[in-house]
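# Coordinate analysis (summary)
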Number of protein chains: 2
Amino acid sequence: MSAASTPSRREELLRIAAQQFAQKGFRNTTVRDIADAAGILSGSLYHHFDSKESMVDEILQTFQDELFGQYDAILASGDDARTKLERAVRVSFEAIDQHPHEVAIFQNDADHLGSFDRFGYLADRNAQSRQVWVTLIEEGIAAGALRPDLDVTLTYRFIRDTVWVAVRWYRPGGGLGHTDVADQYVRILLDGISDGINNA
Amino acid sequence: MSAASTPSRREELLRIAAQQFAQKGFRNTTVRDIADAAGILSGSLYHHFDSKESMVDEILQTFQDELFGQYDAILASGDDARTKLERAVRVSFEAIDQHPHEVAIFQNDADHLGSFDRFGYLADRNAQSRQVWVTLIEEGIAAGALRPDLDVTLTYRFIRDTVWVAVRWYRPGGGLGHTDVADQYVRILLDGISDGINNA
DNA sequence: GTCTATATAGAGATAGAC
DNA sequence: GTCTATCTCTATATAGAC
């Protein structure tokens, strides 16, 4: 949105497109689907955007700029290692809550879109995300907050996947808030589901 | 395969189709893609199958019959609750190792395919899967093996998602075997990544 | 079992009127 | 800013020859 004011027609159309892309996938969403949902005809969309690709491009870039700004702030903060990791998990669940369509598009279509030159930045963001999590995990181990025997790469994948895949079932405004889900996920991630002490 | 013997032409074509579907998604895979990969022309595929849908249908049903047979065997076993849960996780990683294409298709296309009458069994299998995991978790809590304060539904989603989403990065025959991945995932799932005792 | 040829439908995108 | 009309390409699927 243009700084929290009334959304422009362009922003409104992007919002509608994002919903369609998230629901049916990028390739599986037709320009006519988007136009129908917006109450106009398909040709009219081309007054606002060059192509279907331009729409998803703008959707993803806007979202990722915001998300990675938050990760950077966490990395740059003076919090202890465990707090940083928790904050990163919480920020991610908040993103799922506030931008579920964008997260879903990234989860479902990034691989496919990434094969085009225009979307080369998706691979960059992917590498950047890996760097963020790996840094947090390594800081955690160094600080004695995380188990020293952890396989860092595997743990990174575990965290990344468990967090983002929640977009498949989490529904904003449902019974469970994103902070509740984050609480429980952080607890399982850090302490496990086992009862008693099993950290041999 | 027809019992472990030489695969028939039909089975060979299904294998090729599964790979294409897994790589590009069902809708995004053309019958020409499949025919090209098989070294024949698109029209020739229709000698073996009615439609693209019939291909994915046969792929998914064959896979799920096998997988759920294994879950049923675990549920019916006399193992203790924790062992059953571990076995279910391990069987799932083994499925990712041995049938990565089938798992990927189910992960990526089940939602979309499930909206057609013909694929109504996908929703049934989904409900059955939920039943398997929820049963194992509840048995684990009742037996004192799992924390009594767990949110069963959330824990079910957590386990289901973390296990199956690994199909996105796990590569059979790579450096890490499926049993290694399962070992580490079971450890994180049960005991967490935190160092020391935090099970307050 | 595969190929040639083609019917039919749906997709993204464009030009110009309103 | 939207509509009318349409171009072009690509997709699934079919019929009949080899």
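Residues numbered from 1 in each chain as written. Chains lettered and ligands numbered in written order. Predicted model: local features only at pLDDT ≥ 70, side-chain atom pairs only at ≥ 80, totals over all residues. Heavy atoms only, no water.

- Identification of chain A as TetR/AcrR family transcriptional regulator from Nocardioides caeni is taken from an unreviewed UniProt entry.

### Thoughts on the protein's contact with DNA strand C
- Looking at DNA strand C, there are 15 residues lining it, with Val31(A), Tyr46(A), Lys52(A), Leu41(B) and His47(B) nearest.
- Across the atoms of DNA strand C situated within 4 Å of the protein, the share located in sugar and phosphate is 67%.
- Take Leu41(B): an N or O atom from its main chain is 2.7 Å from a phosphate oxygen of DNA strand C. (Near = heavy atom within 4 Å. Polar contact = N/O pair within 3.5 Å; in protein donor to acceptor, adjacent residues only side chain to side chain.)

### Some points on the environment of Ala17(B)
Residues and elements named next belong to chain B.
- Among the structural elements, Ala17 can be located in helix H1 (residues 9-24).
- The spatial distance from the C-alpha of Ala17 to the C-alpha of His99 is 13 Å, given a sequence separation of 82 residues.
- In this structure, Ala17 is in contact with Ile34, Met55 and Ile59, ignoring residues within four places of it in sequence. (Helix = DSSP H or I, 4+ residues; strand = E, 2+ residues; numbered from the N terminus. Contact = heavy atoms within 4.5 Å.)

### Quick word on the packing of aromatic side chains
- Applying the stated criterion across every chain yields a total of 15 aromatic pairs over all chains.
- An angle of 45° between the planes, with centres 6.2 Å apart, marks the rings of Phe119(A) and Tyr121(A) as tilted.
- Using a relative accessible area of 0% as the deciding quantity, one classes Phe119(A) as buried.
- Owing to a relative accessible area of 17%, Tyr121(A) belongs among the buried residues under this scheme.
- Ring geometry for Phe93(B) and Tyr185(B): centres 5.1 Å apart, planes at 90°, overall edge-to-face. (Phe/Tyr/Trp six-rings, centres within 6.5 Å; stacked < 30°, edge-to-face > 60°. Buried < 20%, exposed > 50% of the residue type's maximum accessible area, 1.4 Å probe, protein only.)

### Section: the UniProt feature "DNA-binding region" (unreviewed entry) in chain A
- Annotation from UniProt places "DNA-binding region" (unreviewed entry) at residues 30-49 of chain A.
- Along residues 30-49 of chain A one finds 60% helix and 0% strand; the C-alpha atoms at either end are 14 Å apart. (UniProt positions renumbered as here; feature names shortened; annotations may be inferred.)

### Some thoughts on the packing of helix H4 (residues 52-76) of chain B against helix H6 (residues 100-113) of chain B
Residues and elements named next belong to chain B.
- Running from N to C, H4 and H6 point in directions that differ by 120°, and their axes come no closer than 11 Å. Viewed along their axes, H4 and H6 adopt a mutual orientation that is oblique. Seen from above, H4 lies across H6 with left-handed handedness. Between H4 and H6, the residues in contact are Val56, Ile59, Leu60, Phe63 and Gln64 and Glu102, Val103, Ile105, Phe106 and Leu113, respectively. (Axes fitted to C-alpha atoms, helices over the stretch in contact; angles between N-to-C directions. Parallel < 35°, antiparallel > 145°, perpendicular 65-115°, else oblique. Left-handed = near helix turned anticlockwise from the far one by under 90°.)

### Observations regarding the protein's contact with DNA strand D
- Taken together, 15 residues lie around DNA strand D, and Leu41(A), Ser44(A), His47(A), His48(A) and Arg32(B) are the ones closest in.
- Per the 4 Å cut-off to the protein, sugar and phosphate atoms form 67% of the nearby atoms of DNA strand D.
- Residue Arg9(A) places a side-chain N or O atom 3.0 Å away from a phosphate oxygen belonging to DNA strand D.
- At a separation of 2.6 Å, a phosphate oxygen of DNA strand D approaches a polar side-chain atom of His47(A).
- Residues of the surface near DNA strand D, tallied by class, amount to 4 nonpolar, 7 polar and 4 charged. (Nonpolar A, V, L, I, M, F, W, Y, C, P; charged D, E, K, R; others polar.)

### Section: the relation of the copies chain A and chain B
- Take chain A, turn it by 180°, move it 0.0 Å along the axis, and it overlays chain B with an RMSD of 0.0 Å. Such a combination of rotation and displacement between the chain copies is what one expects of a two-fold axis. When C-alpha positions in chain A are compared against the rotation axis, the closest is assigned to Gly192(A), at 1.9 Å.
- Comparing interface residues between copies, 100% of those in chain A also sit at the interface in chain B, which points to an isologous, same-surface contact. (Least-squares fit on C-alpha atoms with pLDDT ≥ 70 in both.)

### Here's the deal with the pattern of salt bridges
Residues and elements named next belong to chain A.
- A complete count under the given rule lists 30 salt bridges over all chains for this structure.
- A salt bridge links Asp191 to Arg187; the nearest nitrogen and oxygen atoms lie 3.3 Å apart. Of the two residues, Asp191 and Arg187 both sit in helix H9 (residues 178-191), 4 residues apart, roughly one turn of that helix.
- The class for Asp191 is buried, based on a relative accessible area of 7%.
- A network of salt bridges, in which partner residues are shared, links Arg82, Glu86, Arg90 and Asp183. (Salt bridge = Lys/Arg side-chain N within 4 Å of Asp/Glu carboxyl O.)

### Some points on helix H7 (residues 120-142) of chain A
Residue and element names in this part refer to chain A.
- Between the first and last C-alpha of H7 there are 33 Å, a value that for 23 residues agrees with the 33 Å anticipated at 1.5 Å per step.
- Contacts made by the buried residues of H7 are with helix H4 (52-76), helix H5 (81-98), helix H6 (100-113) and helix H8 (152-164).
- Of the residues flanking the end of H7, it is Gly144, one or two places downstream, whose phi is positive at about 80°. (Expected span 1.5 Å × (residues − 1).)

### Topic: the UniProt feature "domain: HTH tetR-type" (unreviewed entry) in chain A
- Mapped onto the present numbering, the UniProt feature "domain: HTH tetR-type" (unreviewed entry) falls at residues 7-67 of chain A.
- Taken end to end, residues 7-67 of chain A comprises 72% helix and 0% strand; its first and last C-alpha atoms sit 20 Å apart.

### A closer look at the interface of chain A and chain B
- Each side of the interface is counted separately: chain A has 43 residues, and chain B has 43 residues.
- On the chain A side of the contact with chain B, Arg147(A), Phe158(A) and Ile193(A) bury the most area, a combined 18% of that side's loss.
- At the boundary of chain A with chain B, the tally comes to 2 salt bridges.
- Between Asp149(A) and Arg187(B) there is a salt bridge; the shortest N-O distance is 3.5 Å.
- Linking chain A to chain B there are 20 residue pairs in polar contact (both at pLDDT 80 or more).
- For the side of chain A that touches chain B, the secondary-structure elements that each account for two or more residues are H5, H6, H8 and H9 of chain A.
- If you tally residues by element for the side of chain A that touches chain B, the top one is H8(A), at 8 residues. (Buried area = accessible area lost by both parts, 1.4 Å probe.)

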